[in-house]
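Residue-level listing of the chains:
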Number of protein chains: 2
Amino acid sequence: MSYGDASQVVSELHGKLQREILTDEADRWSYSFDASFGTFLPDAVIQPVSRDEVVKIVQTAVKYRVPIYPRGTGSSLSGGPLPVYGGIVVDTSWMRDKLEVYPDDLVAVVSPGIHTAEIHRAAEAYGLFYPPDPSSSEVSTIGGNVAENSGGPRGLKYGVTRDYVLGLEIVTPEGGVLRTGGRTVKNVTGYDLTRLIVGSEGTLGIVTEVILRLVPRPQDRRTALIVFDDLVSSGRAISKVLTSGILPCAIELMDQACLIAVESYRPSNLPTDAQAALLIEVDGHPEAVRDEIKKVEAICLELGAKEVRVARNETERQQLWFARKQISPAIARIKPTKISEDATVPRSQIPEMFRRLNQIREKYDLQLVVFGHAGDGNLHPNIMCDIRDDEEMERVEEAVSEIFRAAIELGGTLSGEHGIGTMKAPFLPMEIGEIGLDMTRRIKAAFDPLNIMNPGKIIPNNERNRVVLR
Amino acid sequence: MSYGDASQVVSELHGKLQREILTDEADRWSYSFDASFGTFLPDAVIQPVSRDEVVKIVQTAVKYRVPIYPRGTGSSLSGGPLPVYGGIVVDTSWMRDKLEVYPDDLVAVVSPGIHTAEIHRAAEAYGLFYPPDPSSSEVSTIGGNVAENSGGPRGLKYGVTRDYVLGLEIVTPEGGVLRTGGRTVKNVTGYDLTRLIVGSEGTLGIVTEVILRLVPRPQDRRTALIVFDDLVSSGRAISKVLTSGILPCAIELMDQACLIAVESYRPSNLPTDAQAALLIEVDGHPEAVRDEIKKVEAICLELGAKEVRVARNETERQQLWFARKQISPAIARIKPTKISEDATVPRSQIPEMFRRLNQIREKYDLQLVVFGHAGDGNLHPNIMCDIRDDEEMERVEEAVSEIFRAAIELGGTLSGEHGIGTMKAPFLPMEIGEIGLDMTRRIKAAFDPLNIMNPGKIIPNNERNRVVLR
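Residue positions within a chain follow its written sequence, with the count starting from 1. Here every chain gets a letter starting at A, and every ligand a number starting at 1, in the order they are written. A pLDDT threshold of at least 70 governs which residues receive local features in this predicted model, and a stricter bar of 80 or more applies before side-chain atom pairs are shown or counted, although totals over entire chains, interfaces and linings include all residues. For the side-chain quantities, the full set of heavy atoms in the structure was used; hydrogens and water were omitted.

Engineer: What is the right way to read the pattern of salt bridges from this model?
Structural biologist: It is possible for side chains of opposite charge to pair when their charged atoms get near one another. All names here are of chain A. Within this document, salt bridges are pairs made up of a side-chain nitrogen of Lys or Arg and a carboxyl oxygen of Asp or Glu, the two lying within 4 Å of each other. One pass over the structure, following the stated rule, counts 81 salt bridges over all chains. In this structure, Arg179 engages Glu209 in a salt bridge whose closest nitrogen and oxygen atoms are separated by 3.3 Å. Here Glu209 lies in strand β9 (residues 206–213) and Arg179 lies in strand β8 (residues 177–181), a separation of 30 residues in the sequence. We call a residue buried when its accessible area falls under 20% of the maximum for its residue type, exposed when it is over 50%, and partly exposed in between, using a 1.4 Å probe and counting protein chains only. On the accessibility criterion, Arg179 (43% relative accessible area) is partly exposed. Where Lys424 meets Glu341, a salt bridge forms, and the shortest distance between an N and an O atom there is 3.0 Å. Of this pair, Lys424 sits in the loop between α14 (390–409) and α15 (428–447) while Glu341 sits in the loop between β15 (337–340) and α13 (350–364); the two residues are 83 residues apart in sequence, bridging distant segments of the chain. In this pair, the class of Lys424 matches that of Glu341, namely buried. Here the salt bridges share partners, and the residues they tie into one network are Arg51, Asp52, Lys98, Glu169, Arg179 and Glu209. A run of H or I in DSSP counts as a helix once it spans at least four residues, and a run of E counts as a strand once it spans at least two, with each numbered from the N terminus.

Engineer: Explanation requested: helix α4 (residues 116–124) of chain B in the structure shown.
Structural biologist: In an α-helix, one full turn covers 3.6 residues, which means residues spaced three or four apart are oriented alike. Those residues of α4 of chain B lying buried are Thr116, Ala117, Ile119, His120, Ala122 and Ala123 of chain B. The secondary structure elements touched by the buried residues of α4 of chain B are β4 (99–102), β5 (107–110), β6 (128–129), α5 (142–148) and β9 (206–213) of chain B. Every residue pair with non-hydrogen atoms within 4.5 Å of one another is taken to be in contact.

Engineer: What's the story with the pairing of strand β5 (residues 107–110) of chain A in this structure? I'm lost.
Structural biologist: A regular strand places its side chains on the two faces of the sheet in alternate fashion. Residues and elements named next belong to chain A. With burial as the criterion, each face of β5 is covered, one bearing Val107 and Val109 and the other bearing Ala108 and Val110. Pairing analysis gives four bridges linking strand β4 (residues 99–102) to β5, with the strands arranged antiparallel. The residue bridging Val101 from the neighbouring strand is Ala108, located in β5. Pairing between strands is defined by DSSP: at least two bridges between them are needed. In textbook terms, the turn of a hairpin is the stretch between consecutive antiparallel strands, and for β4 and β5 this stretch comprises four residues, one of which, Leu106, has a positive phi near 55 degrees.

Engineer: Got a minute to help me understand the interface of chain B and chain A in this structure?
Structural biologist: A common way to state how big an interface is: give the accessible area lost once the parts meet. Each side of the interface is counted separately: chain B has 82 residues, and chain A has 82 residues. Note on definitions: buried area is the accessible-area loss of two parts on being combined, 1.4 Å probe, summed for both. Note on chain B versus chain A: buried area summed over both sides is about 6,900 Å², and carbon and sulfur give 59% of it. On the chain B side of the contact with chain A, Lys186, Val188 and Tyr191 of chain B bury the most area, a combined 15% of that side's loss. Along the contact surface separating chain B from chain A lie eight salt bridges. For Asp376 of chain A, the salt bridge identified is with Lys186 of chain B, shortest N-O distance 3.1 Å. Polar contacts, as used here, are pairs of N or O atoms within 3.5 Å; protein pairs need one atom able to donate a hydrogen and one able to accept it. Residues neighboring in sequence count only if both atoms are side-chain atoms. At the boundary of chain B and chain A, one finds 32 residue pairs in polar contact (both at pLDDT 80 or more). When residues of the side of chain B that touches chain A are traced back to their parent elements, those giving at least two are β8 (177–181), α7 (193–197), α8 (231–242), α10 (286–302) and α15 (428–447) of chain B. A total of 12 residues in the side of chain B that touches chain A trace back to one element, the largest contributor, which is α15 of chain B. For the side of chain B that touches chain A, the class distribution of residues is 29 nonpolar, 31 polar and 22 charged. Residues were grouped as follows: Ala, Val, Leu, Ile, Met, Phe, Trp, Tyr, Cys and Pro as nonpolar; Asp, Glu, Lys and Arg as charged; and all remaining residues, including Gly, as polar.

Engineer: Sorry if this is basic, but what is going on with the domain arrangement of chain A here?
Structural biologist: Residue and element names in this part refer to chain A. What the domain assignment reports for chain A is domain 1 (6–94), domain 2 (99–216), domain 3 (220–324) and domain 4 (334–409). Domain segmentation is taken from an automatic or database assignment of domains. If you average the C-alpha positions of domain 2 and of domain 3, the two centres end up 30 Å apart. Residue-level contacts link five residues of domain 2 with nine residues of domain 3. Taken together, both faces of the contact between domain 2 and domain 3 bury some 640 Å²; the carbon and sulfur share is 58%. Sorting the residues of domain 2 by area buried against domain 3 places Pro153, Leu156 and Lys157 first, and these three jointly supply 78% of that buried surface. Lys157 is the salt-bridge partner of Asp283, the closest N and O atoms lying 2.6 Å from each other. Counting every contact that joins domain 2 to domain 3 gives two residue pairs in polar contact (both at pLDDT 80 or more). By residue class, the composition of the side of domain 2 that touches domain 3 is three nonpolar, no polar and two charged.

Engineer: Just to check I follow, could you spell out the nonpolar core for this structure?
Structural biologist: Across soluble globular proteins, nonpolar side chains have a tendency to be buried as a group. The nonpolar core is taken to be a set of buried Ala, Val, Leu, Ile, Met, Phe, Trp, Tyr and Cys residues, with the residues joined through side-chain atoms within 4.5 Å. Membership of the largest hydrophobic core comes to 194 residues, with the highest contact counts inside it found for Ile226, Met353 and Ile383 of chain A together with Ile226, Met353 and Ile383 of chain B. Core analysis: the next-biggest nonpolar cluster, separate from the first, contains 23 residues, Ala6, Val10, Leu13 and Ile452 of chain B among them.

Engineer: Where do I start with the sheet that holds β9 of chain A in this structure?
Structural biologist: Across a sheet, strands are paired by hydrogen bonds formed along the backbone, either parallel or antiparallel in direction. All names here are of chain A. Taken together, five strands build an open sheet; the order of strands is β4-β5-β9-β7-β8 and the sheet is antiparallel. Where the open sheet ends on each side, the last strands, each with one partner, are β4 and β8. Each strand of the sheet is rotated relative to its neighbour by a mean of 15 degrees, with strand direction disregarded. In the sheet, strand β7 (residues 165–171) pairs with β8 via five bridges, with the strands oriented antiparallel. Within the sheet, the bridge partner assigned to Leu168 lies in β8 and is Thr180. Across the sheet, helix α3 (residues 51–64) lies against β7, β8 and β9, angled at about 50 degrees from β7, the strand it touches most. Note on definitions: angles span 0 to 180 degrees between N-to-C directions of axes, and those axes are lines fitted to C-alpha atoms, for helices only across the stretch in contact. Relative to β4, helix α4 (residues 116–124) is tilted by about 35 degrees, and along the sheet it contacts β4, β5 and β9.

Written as structure tokens, this is what we have:
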């Protein structure tokens, strides 16, 4: 791969854009990392404010064959926006002019720099609902969500970002403007370029506008914390609930290590002697949720739950969710480095996945805690370690590979919601096979013949094969 | 385009497949048309019974550069399976060995020749639900549904086929076996090849297995027929219902011409003096639907409905749907040729689309009736004409072009659920633009460098520019 000199792009664009191009090292530094691992200093950072500026940037990058890396607010957990071959980071978080809700069409039209939570609030003002809720929603941009096909707890009932993107405007890797899809739920005109771009991690173009589907806001919700003496029973309870005609909007699981970590960090009255706790939420019509949460309670008690706490009001509900949301910061105190995985398995395999994770924990003698969106099989095994401890990191690498293999053997996937990025690229062929990899390469080449749009992501190269870049 | 001789493929495969290759003209004849227009006699028809046979067929077709056309049961309304350049039709309707429901995973794994309605019934046996319901569901195959991304009345609440396909096995145009996606709702590993293939109309490969997402079966449903004196009020009622926190599973609309046609065909007590009738169905928890159908009634009466008939039991409910389902056969009696369009607009544009359709009807002096899935903007303007009347058919062609233009001008799409096929290929650039067309061509070439997999579909050529092949 031979790329051109970023400084040529910088000089050519100098004075032609609304915001100044960042070339100071201090400025560039804050664009050298994301929420995963590895630091790569970009040669420059450009902050376009409009689609036309993005076109100008891409066309100039094409002219000088300089790689460009679209970026939102950098909350990626897989290395999506890292400038691994140098070049220019294109920070789209300044494109914030549009957040339009069209209640009659049940759609919103949004600029890429708008935060996910801003869309939640704008929809709510019209009695509508934008379901995808990545944990980062207060800081992550919709452009980033589209690039990574972000998920969250509500995926179980409502699906993920992909299920809400009806149309896109992107600037292609050759600097053209492509509009895909539209404002209708039904659209079968030509190939589904919209969904091809969703989740392509910024490798097929830069998103400059998103058309989102909204749904009526559920009128009510009920939430319960359910405590189990063993993990397998909790897994059986999940299955039973889901085949009883009830589709909760979230089924979150915490293992004992999480419960203990949260209690020692922000005491939330969690049962630290339990092996597992589920947080189950149902939403919808008030009569329906009242009845459904009772059924959930009955099913769980029948399957051996030792305690069911149903939130009696919104305050209690928020307390339950607060405890759940403390897991990440709480476990981060165990050791300095947190490797957050998102291996996802078919629901029925959750108990087996737990068994495998236990084995991996013991085999490699690591601090491995597990929580996540158990209702859709999307677990978050987190390994707590110390990146400065080379010996431990070797065990971490082995353990992570084994987690990936276990997920795939059980019919699951490497990544449920974090993306492949740089971190998991070496493992891609394990899941999609040689023909899948070949088709991926062909699609990438078809869109981006110069390979300048976010190179080094998704598709493995032979230069590295580690999960954690150090 | 220069293709090889199909007889070479036939001789090479002779005696190597379980079912005999069809080469008699009488046999081939029944594969020369679908539910749209135009007849193209294939050179041969092959009926594989397994993935391995499909691989053998495709590899042999590659060897001799002979075009192949995947086909289900031929209910396509856009020309999807027509062998427009001669060659071999690959009839996948004999691949029926697998219809497995995994209730704990909420998935079904299905062979391409299984009929959609068989999946409905298999899911129901487990208290589960496969929502997509194209009107052809009793005869159409899931392979065809995947190829065309089929819709139906329930698209409003539940989405379309695409929203339920979690994974695919396909034989690529080069004869390789590609597995995409898997059994999990969340999967962000690599490009979304699954959704790229869904709706690609058999141009990117032959589907040999489908993994479908199932959902819990709604416990109850309520249905109402609502009668309006004018179309605009019915459009306003739709908007009001959808912004009131209720998401019906279907909002079907019939205009006066439909009402009259049904009454003179199979009297169903429909109000022939009304300008429009809506059929609204809500489903879910029994308490919720009881309450919601009352709210629907109140909203519609407030907006000027002159009558609301709520079905009091399942028999009455089925009577209402029976009337709705008589529209197609009823209007088919008006004139011998039925041009069924599926132009789809954002919901708020439905009243304006009606106005445009009225203008088009008058301008071209045609029998144009309108019904369809109004809740998701997916109308079915049907032009009743006589294919032998050249002068009339000229007006039909003009009218259809104008319908397409109107849909796109109003922010909609050429096709909501029927597909582009041969019929609308000439109009594709009108919607997706030159860059979209270019990307479509590149993707097709990346998957199918020899252009032997269902050529002549979606992508326009310069040989024809008519909707109705005669």
